Amino acid sequence: MMRFATLLRHPADWMMGHGAETSVVLTSRVRLARNLAKSPFPGWSRKKDREGVYSFLREKVESVPGMKDGFSHELCDLDPLQKQVLVERHLISREQAARSEGSGSVVNRKQTLSLMINEEDHLRIQAIRPSLQLKEAFKLAHSVDQRLEKVVDFAIDPTLGYLTACPTNLGTGMRASSMLHLPGLVLSDQIGPVLKGINKLGLAVRGLYGEGTESLGNLYQISNQSTLGESEEEILDRLTRVIGDVAQYELQAREKLMTEDSIMVRDRIGRAAGNLSYAHIITSKEALNHLSMLRLGADLTLLPSDLVESCDRLFMETQPAHLQWRAGRKLEPETRDVIRAQMIREQLQSSLSPAIDLSGKEK
Amino acid sequence: MKCDSCQEKATVFYTQVTEGKLKKFVLCEACAQKKGITNVDDLLMGSDLLGNSPPQTKVQDIVSELNQEDCSSCGFSLDDFRKVGRLGCPECYQVFYRELAERLPSMHKGGVHKGYLPEGVAMKQALKSELACLTDKLESAIEDERFEEAAMLRDKISKVEEKKGVVEL
């Protein structure tokens, strides 16, 4: 079985830059909610029932090809920092991080599949792919679903579809979402109307970590709201079309900014590069916002292109839990800000090569 | 006396006779208002004297709501559902269907699942709707005294039923 440290040492393939394909749409994620036909949902079951469901499902899930040598832990075996790291990686939800006995996380080695046992539903099958690949992500999750349905009796009503703890997930039980980087629409003040338009189409827009989180680093998640009354294909088609359109708007906005207001764009990118290269204290919010500008600079070829990958890596690694995990101990926010700044300076040194030495070290 | 709906002190007393059966319930002011009874006199007058039927259906709603039982499988109640917006177990979807049906249109594009179903479930569903369609045809054939067609339909139905039995095994 894969250890937590091993999981952390290997960034998932969907986290790393994939060139032009991921210049706007970073990742695509699909999750399917499934429940056992004869058990109360996790939020309404006794601990004993939950533990029974957990051990039953864990065995079935681990027997799915590709999951065997993955990561599999009951949440009570993980400390709060480890749980938070998994949340930052989007491998478990914030809701699941609050759970302990009888709730578990099973992740394959490539970190493309993450199965949550006893989160809000008995089982959530999540697949993650880089760039705009919602259908590929669905195929992956669907293949696991089809394997499991042979050995698990899922709760299904022919008219209502898959029965879920919350009726908002009823039917397909499918939530599909993409993470988009939209600095062009933000800088050109078009983000408001675009988000409103997306909402009008019955799709949801959220910040970096889902429901109720603010947008940081110009990162937005777009997902389907309705899960009943349309087939998976219809939902994915519509979502893919809308996200593709938004990505197109973003690229147009960037182009327009570069022809009409290039000095402003260069100024923002230059200041971000300056801050990141020389800051010695930086909060995760400030880091995300500057990294977003730096990534834009690299996407626009104003900065070396290898910075895209550095930015994507730093988006994740400068998050509070990742930072503390790397340091090997719990850190006060003030200390985190110092270590974060140092880490960013080191990572960017080769690409941005600062001319001024503020390290205070003897030459 | 406590309100049937929320355990507050009851001030509205209501008696209804349906199909010869006497049904009594008591509500507090707030619950009565919530259920659309602002003045019981209005309610009683409304349906009969003014020929307005809406109050009558409201009374039906109240009766069925007060008769709403907890889920026998998991003990979840309608109040629980209203409080948390989630259900207790898969069985709850049958038990609280009325309440649910009211909420679904604001959540989803439609009320009927059009997505993937595992083979067995999909087949069962297809046979069920085929059966319903054939039964309809059979009834109208008998009514119109088209007996030859009716006999054919009956054979078809028994074949589908046989298939359905195999699937259910």
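Residues numbered from 1 in each chain as written. Chains lettered and ligands numbered in written order. Predicted model: local features only at pLDDT ≥ 70, side-chain atom pairs only at ≥ 80, totals over all residues. Heavy atoms only, no water.

1. Here's the deal with the overall build of chain A
Logical step 1: Per the secondary structure count, chain A includes 13 helices and 10 strands.
Logical step 2: On C-alpha atoms alone, chain A measures out to a radius of gyration of 21 Å, which is about the 21 Å that the 2.2 N^0.38 rule sets for 363 residues.
Logical step 3: In terms of principal-axis extent, the alpha carbons of chain A reach across some 65 × 45 × 30 Å.
Logical step 4: When each of the 363 residues of chain A is scored for burial, the buried share is 58%.
Logical step 5: Nonlocal contacts in chain A, meaning residues at least 24 apart in sequence, comprise 71% of its contacts between residues at least 6 apart.
Logical step 6: With the model as given, the accessible surface of chain A reaches about 15,500 Å², and the carbon-plus-sulfur share is 50%.
Logical step 7: If you average the places of the 47 positive and of the 47 negative side-chain charges in chain A, the two averages end up 2 Å apart. (Helix = DSSP H or I, 4+ residues; strand = E, 2+ residues; numbered from the N terminus. Rg over C-alpha atoms; globule rule 2.2 N^0.38 Å. Buried < 20%, exposed > 50% of the residue type's maximum accessible area, 1.4 Å probe, protein only. Contact = heavy atoms within 4.5 Å. Areas by Shrake-Rupley, 256 points an atom, 1.4 Å probe, with all protein chains shown as cover. Lys, Arg positive; Asp, Glu negative; His and termini not counted. Charge placed at Lys NZ, Arg CZ, Asp CG, Glu CD.)

2. Side note on the confidence of the model for chain B
Residues and elements named next belong to chain B.
Logical step 1: Per-residue confidence for chain B gives a mean pLDDT of 77; residues scoring 70 or more make up 67%.
Logical step 2: The secondary-structure element of chain B with the lowest mean pLDDT is helix H2 (residues 40-49), recorded at 47, while helix H5 (residues 92-95) shows the highest, at 94.
Logical step 3: Our summary of model confidence lists the complex with pTM equal to 0.80 and ipTM equal to 0.85. (pLDDT = per-residue confidence, 0-100.)

3. Structural notes on the nonpolar core
All names here are of chain A.
Logical step 1: Counting 48 residues, the largest nonpolar core has Leu115, Leu123, Leu148 and Val246 as its most contacted members.
Logical step 2: No other element matches the 8 residues that helix H8 (residues 232-260) contributes to this core.
Logical step 3: Dropping the residues within four chain positions of it, valine 246 is found in contact with Leu180, Leu182, Leu185, Val194, Ile198 and Ile222.
Logical step 4: By size, the runner-up hydrophobic cluster in this structure holds 32 residues, among which are Leu216, Leu276, Ala287 and Leu348. (Core = buried A, V, L, I, M, F, W, Y, C linked by side-chain atoms within 4.5 Å.)

4. Looking at the packing of aromatic side chains
Logical step 1: Applying the stated criterion across every chain yields a total of 5 aromatic pairs over all chains.
Logical step 2: Residues Phe4(A) and Trp325(A) carry aromatic rings whose centres are separated by 4.8 Å and whose planes lie at 80° to one another, so their mutual orientation is edge-to-face. Of this pair, Phe4(A) sits in helix H1 (residues 4-9) while Trp325(A) sits in helix H12 (residues 320-327); the two residues are 321 residues apart in sequence, bridging distant segments of the chain.
Logical step 3: Overall, Phe4(A) belongs to the buried group, its relative accessible area being 6%.
Logical step 4: Taking 6.4 Å as the distance between ring centres and 35° as the angle between the ring planes, the aromatic pair formed by Phe81(B) and Phe96(B) counts as tilted. You can see Phe81(B) sitting in helix H4 (residues 78-84) and its partner Phe96(B) sitting in the loop between H5 and helix H6 (97-107), a full 15 residues away along the chain. Each member of the pair, Phe81(B) as well as Phe96(B), is classed as buried.
Logical step 5: Each member of the aromatic cluster is reached from another via a ring pair, and the members are Trp44(A), Phe76(B), Phe81(B) and Phe96(B).
Logical step 6: One Lys or Arg, Arg34(A), reaches over the ring of Tyr162(A) and ends 3.4 Å from the middle of that ring.
Logical step 7: In this structure, Arg103(B) is placed above the aromatic ring of Phe81(B), and the distance from its NZ or CZ to the ring centre is 4.4 Å. (Phe/Tyr/Trp six-rings, centres within 6.5 Å; stacked < 30°, edge-to-face > 60°. Lys NZ or Arg CZ within 6 Å of the ring centre and 35° of its normal.)

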